[in-house]
Amino acid sequence: MSEFRVHALRYAVRDARRGEHFHGHDARAGQPHPTSYYVWLAVSEEHTVVVDTGIGRSRARGVEGLDYLTSPVEAVAALGVPAESVGHVVLTHLHYDHTGTAREFTSARYVLQRAELDYWTGPWADRVARERWLLDDDDLAHLLAAREDGRVTLVDGDAEVVPGLSVHLVGGHTAGMQVVRVDTARGAVVLASDAAHFYENLEDDRPFPILHSMTGVYGAFDRIGELAGGPHLVVAGHDPEVLERFPTLGPDVAVISG
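Residues numbered from 1 in each chain as written. Predicted model: local features only at pLDDT ≥ 70, side-chain atom pairs only at ≥ 80, totals over all residues. Heavy atoms only, no water.

J.: Which residues make up the overall build of the protein, and what values do they have?
T.: Within the protein, the secondary structure is distributed over eight helices and 13 strands. The globule rule puts the C-alpha radius of gyration for 258 residues at 18 Å, and the 17 Å found for the protein is close to it. Evaluated residue by residue, the protein yields a buried proportion of 57% over its 258 residues. Expressed as a percentage of contacts within the protein between residues at least 6 apart in sequence, the contacts between residues at least 24 apart total 66%. (Helix = DSSP H or I, 4+ residues; strand = E, 2+ residues; numbered from the N terminus. Rg over C-alpha atoms; globule rule 2.2 N^0.38 Å. Buried < 20%, exposed > 50% of the residue type's maximum accessible area, 1.4 Å probe, protein only. Contact = heavy atoms within 4.5 Å.)

Printed below as a string of structure tokens:
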């Protein structure tokens, strides 16, 4: 069995309020609730996989309150992994803060759910204008060009990307939201990405307010629990607590499994 070493790399932080992060009324909505932005690196003896590619530097300048610590590509390179050596890039969904440096991984094959791409390119794409701010058109254009070049794998449901690392369609947050399960020395790790922005979303059974399907969000919560080797092996997508729940290499790198 292929075992991976997995790191969570924080590349940005943003001041936020609780009301931005939990669906429905919250009496503490105005209280501070900071956001961390991560990409994830999984390396085995045979394969190097990056999960999500964060926000590009130019787009980051337009995000109010964002403190851009480093580019995701630089964060990956700091662990000794140059962008051109990455074999696969898994895109959990196509929101701008997960696709922004995909083009810089020039040798990678991109893996995403067909349902996610169809949502943004299908016959209804022009009718979801209220959500269009969540998509970066340049990132989408790059992925469509990469598909023409044969560099995109579109998945329908669950699939093994490489031995020891698989993707699983959960939906909820977006039409084609997928999580990533990774075999490690500690057990099965689940990189939840935006299927669970914060541990509190999971632990209090409270969805994030940006969602495609309410019931889908709850189903995603359950699926994360089924896939992980235990709650201690779930990695939330935007929670500063990731850097408290796992050992660290400096202030912005969590060692999920070394």
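Anyway, onward from the coordinates.
J.: So, the pairing of strand β13 (residues 253–257): which residues are in play, and what are the values?
T.: Most of β13 is tucked away, with five of its five residues classed as buried. Where strand β1 (residues 5–14) and β13 come together, four bridges link them in antiparallel fashion. Note that in β13 the partner of Leu9 across the bridge is Val253. (Pairing = 2+ DSSP bridges.)

J.: Which residues make up the sheet that holds strand β11 (residues 187–193), and what values go with them?
T.: Sheet architecture is open: five strands sit in the order β8-β9-β10-β11-β12, paired in mixed fashion. Every interior strand has two partners, whereas the edge strands, β8 (159–162) and β12 (234–236), have only one. On average, each strand axis in the sheet is tilted by 25 degrees relative to the strand beside it, whichever way the strands run. For β11 and β12, the ladder comprises three bridges, and the chain directions are parallel. By the bridge assignment, Ser193 is partnered in β12 with Ala236. Across the sheet, helix α7 (residues 214–227) touches β9 (165–169), β10 (178–184), β11 and β12, and the angle it forms with β11 is around 155 degrees. (Axes fitted to C-alpha atoms, helices over the stretch in contact; angles between N-to-C directions.)

J.: Requested: an account of the packing of aromatic side chains, with residues and values cited.
T.: Given two aromatic rings, their pairing is described by the distance between the two centres and the angle made by the two planes. Taken as a whole and assessed by the stated rule, the structure comprises seven aromatic pairs. Note on Tyr218 and Phe221: the rings are 6.2 Å apart at their centroids and 80 degrees apart in plane angle, and the pair reads as edge-to-face. Remark: Phe221 and Tyr218 occur in helix α7; sequence separation between them is three residues, near one turn of the helix. An aromatic cluster of three or more residues is present, and its members are Tyr11, Tyr37 and Tyr68. It is Arg59 that lies over the ring of Tyr96; its NZ or CZ is 4.1 Å from the centre. Here the basic side chain of Arg245 rests over the ring of Tyr199, its NZ or CZ set 3.7 Å away from the ring centre. (Phe/Tyr/Trp six-rings, centres within 6.5 Å; stacked < 30°, edge-to-face > 60°. Lys NZ or Arg CZ within 6 Å of the ring centre and 35° of its normal.)

J.: Outline the pairing of β1, listing residues and values.
T.: The buried fraction of β1 amounts to eight of the ten residues, a majority that puts the element mostly inside the structure. Here β1 runs beside strand β4 (residues 66–68); their pairing, made up of three bridges, is antiparallel. Opposite Arg14, over in β4, you have Leu66 as the bridge partner.

J.: Summarise α7; cite the residues concerned and give the values.
T.: Taking 1.5 Å as the rise per residue, α7 with 14 residues should run 20 Å; its terminal C-alpha atoms sit 20 Å apart, in good agreement. Regarding α7, the residues found buried are Gly216, Val217, Ala220, Phe221, Ile224 and Leu227. All buried residues of α7 project into a common sector of 150 degrees when viewed along the axis, lining one side. Facing away from the buried side of α7 by over 90 degrees, the exposed positions are Thr215, Asp222 and Glu226. In this fold, the buried residues of α7 make contact with β9, β10, β11, α6 (199–203) and β12. (Expected span 1.5 Å × (residues − 1). Arc of directions from axis to C-beta.)

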